[in-house]
Amino acid sequence: MSAIEISNLAKTYQVGFFRKTEKAALKNLTLEVHEGEIFGYLGPNGAGKTTTLKLLMGLMFPTAGTASILGRPISDPQVKRSIGFLPEQPYFYDYLTARELLEYYASLSDVPAKERSSRAQRMLDRVGLGGAANTQLRKFSKGMLQRAGIAQAIIHDPKIVFLDEPMSGLDPIGRREVRDLIQELNDEGKTVFFSTHILSDAETLCDRVAVLNRGELQGVGVVADLLAETVGKREVIWEGASTALDALGTKVKIVGDIARTVIDDRQADAAIDAIRHAGGRLKSLMPVQGALEDYFLKHTEPGAGAEVKSE
Amino acid sequence: MTTSRIGHIAYNTFREAVRDRVLYNLIFFALLLLASTPLFGKISIGLERIVLVNLGLTAVTIFGMLISIFIGIGLVSKEIDKKTLYTVLSRPVRRWEFILGKYFGLGLTLLVNTFFMAVGFLAALLYIAHGFQRSDVQLLGALYFIMLQFMVIIAITLLFSSFSSPMLSALFAFGYFVIGNFAEELRGAANLLDGVSRAIVLGISYLVPNFTAMNVISQVAHSEGITGALLLQNSLYAIFYSAAALSAAILIFENRDLK
């Protein structure tokens, strides 16, 4: 069974007061997320990531299309028992202590009363806030709030966890901690769907990713497959005869006696022959490692997709 | 379970109000006013009790109304602005449960608040009159009617805040409260008009809550009794009016996109 199934989901906003115009925030999104995977939902600001999450959480209503979670339509209240959600830049009831907050959310998720307190403490320990359990949230730093946010998203032991920009605004240590936590959740068998524009996090964590731009899906798949689109190139390093590859028309960088350039895969044989022929000595011929960033930039450059409002 | 979720939301709303400094400021001023009522009584020789009851119960009404409106307008909008609502509605909480939880939470806040103000008022009365009369039981009836007014105005504030900004909601709700206190006068005025203007004024007088019937302050100040029929009539009226306003608030909120 799919964890999440989205079919032709669309959301259009009415903007303007007197002369209303329509702005499409999400266009015919079709997507499937498998159970047990870490799925990265990538896109620049305003791509429609938060809109998608709000539609899945039932905070907004789609203009068209359908979506289901664990086989049930998103409008079914039962779905909410199986999901946890961390909104972007979360803000919580700051008059509550961390423990009170978690106990409150546990009660809203129908966690039995006798389990709430122990579960809240366990979750706080897990996200490293065990020592701040009785501190009011108004005294929390941004990183602590983010961790409390993750704790509230998993307090009821959901099967799927939705995280909207979970690393946003965190320092490198905080990001690392959140990344480890996402991996741990996945190791426990939970499906994790998280939106981000920090590509290195997605590349490290995700089994599959989808790239969204201006409300339109640009691509979805296993990270390695997507990267294959951006590779097909090799880096050549040779010594002496620095002009040997001038005929290929590539830009050559020369440091001392060493020359370096990047060529297409199909030019590899010709390049080896040319270097030998010119009296140079080949030192290295390595495939270029593709980066998610290349794929992302290729699919999210200005002008790609139609104009949309913000997320 | 639905009732338990409504209860948890109500308790959290109550907890928020209790931990809010604004509430204490208002209660402080209300108690200060109550404490000063014996002074007003001394100015009007022979009318101490009447002045005290009038001033005291009016203070309870006005301060309670201010708390209802100023906390009420933020009940929904603050949760949307701060996105706290997102983490609530992404759980098995239905939107109508959230609205009802908020309603009962603020209702509980007002009940506790009215209780303390009533204790202050009765203490002031005891200080002036050196004892209670049998007819003072009527004061409890007046306080009950004041509480009914709060429950109606909270429902109205929730209705306005389900679709408009906090500032507009406060203006609308306050306007409703003021006009509601002249509902019967409006009905009388409508009878002097004719045609469309009569229909409009009459329509408004029935649309706004009839707080005139719930205001028995002057009556109990003169030790006049409250009939059982009035108790029943006002109770039913407050229940139905609040239910109608809450239903409209839920209907609007159920279909609202939380941007």
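Along each chain, numbering runs from 1 in the same order as the chain's sequence is written. Chains carry letters from A onward and ligands carry numbers from 1 onward, assigned in written order. At least 70 in pLDDT is required for a residue's local features to be given in this predicted model, at least 80 for side-chain atom pairs to be given and counted, and no such filter applies to totals for whole chains, interfaces and linings, which use all residues. Calculated side-chain values reflect all of the structure's heavy atoms, with hydrogen atoms and water omitted.

*Asks:* Can you lay out the overall build of chain A for me, pointing to particular residues and giving the numbers?
*Replies:* When its secondary structure is counted, chain A shows nine helices and 14 strands. Expected size for 311 residues packed as a compact globule is a radius of gyration near 19 Å; at 24 Å, chain A overshoots this value by more than 25%. Its C-alpha atoms put chain A at 80 × 50 × 40 Å along the principal axes. Relative to all contacts within chain A whose residues are 6 or more apart in sequence, the contacts with residues 24 or more apart total 70%. Here a helix means four or more residues in a row that DSSP labels H or I, a strand means two or more in a row labelled E, and each is numbered from the N terminus. Radius of gyration: over C-alpha atoms. The globule rule applied is 2.2 Å multiplied by the number of residues raised to the 0.38 power. Should any heavy atoms of two residues lie within 4.5 Å, those residues are counted as being in contact.

*Asks:* Lay out the interface of chain A and chain B with the relevant residues and their values.
*Replies:* Counting residues at the interface gives 35 residues for chain A, matched by 28 residues for chain B. Taking both partners together, chain A and chain B bury about 2900 Å²; carbon and sulfur atoms supply 53% of that area. Here a salt bridge means any side-chain nitrogen of Lys or Arg lying within 4 Å of a carboxyl oxygen belonging to Asp or Glu. Linking chain A to chain B there are three salt bridges. Here Glu100 of chain A and Arg19 of chain B are joined by a salt bridge, their closest N and O atoms 2.9 Å apart. Summed over both partners, buried area is the accessible surface (1.4 Å probe) that two parts give up on being assembled.

*Asks:* Got a sec to walk through the nonpolar core? Specific residues and values, please.
*Replies:* By convention a nonpolar core is built from buried Ala, Val, Leu, Ile, Met, Phe, Trp, Tyr and Cys residues, the set being connected through side-chain atoms within 4.5 Å. Only protein chains enter the accessibility calculation, which uses a 1.4 Å probe; a residue is then buried when its area is under 20% of its type maximum, exposed when over 50%, and partly exposed in between. Ranked by size, the top nonpolar core spans 161 residues in total, and within it Ile4, Tyr41, Phe162 and Phe193 of chain A together with Leu57 and Phe98 of chain B carry the most contacts. The element best represented in this core is helix H7 (residues 137-161) of chain B, accounting for 17 residues. Counting residues in each nonpolar core, the second largest holds eight residues, with Val236, Ala244, Ala259 and Ala271 of chain A among its members.

*Asks:* If you had to explain the domain arrangement of chain A to someone new, which residues and values would you point to?
*Replies:* When its domains are assigned, chain A resolves into domain 1 (2-228 + 296-300) and domain 2 (233-288). For domain 1 of chain A versus domain 2 of chain A, the separation of C-alpha centres amounts to 47 Å. Each domain's extent is set by a domain assignment, obtained either automatically or from a database.

*Asks:* Residue-level account of the pattern of salt bridges, with values.
*Replies:* Residue and element names in this part refer to chain A. This structure, assessed with the given rule, holds 25 salt bridges over all chains. Measuring nitrogen to oxygen at the nearest pair gives 3.6 Å for the salt bridge that ties Lys49 to Glu165. In this pair, Lys49 sits in helix H1 (residues 49-57) while Glu165 sits in the loop between strand E7 (160-164) and helix H5 (172-187), placing the two residues 116 residues apart along the sequence. With a relative accessible area of 2%, Glu165 lands in the buried category. Among the ionic pairs, Asp201 bridges to Arg179, the shortest N-O distance being 2.8 Å. Highlighted residues: Asp201 in helix H6 (residues 199-205) and Arg179 in helix H5, separated in sequence by 22 residues. Looking at Asp201, the relative accessible area reads 0%, which means it is buried.

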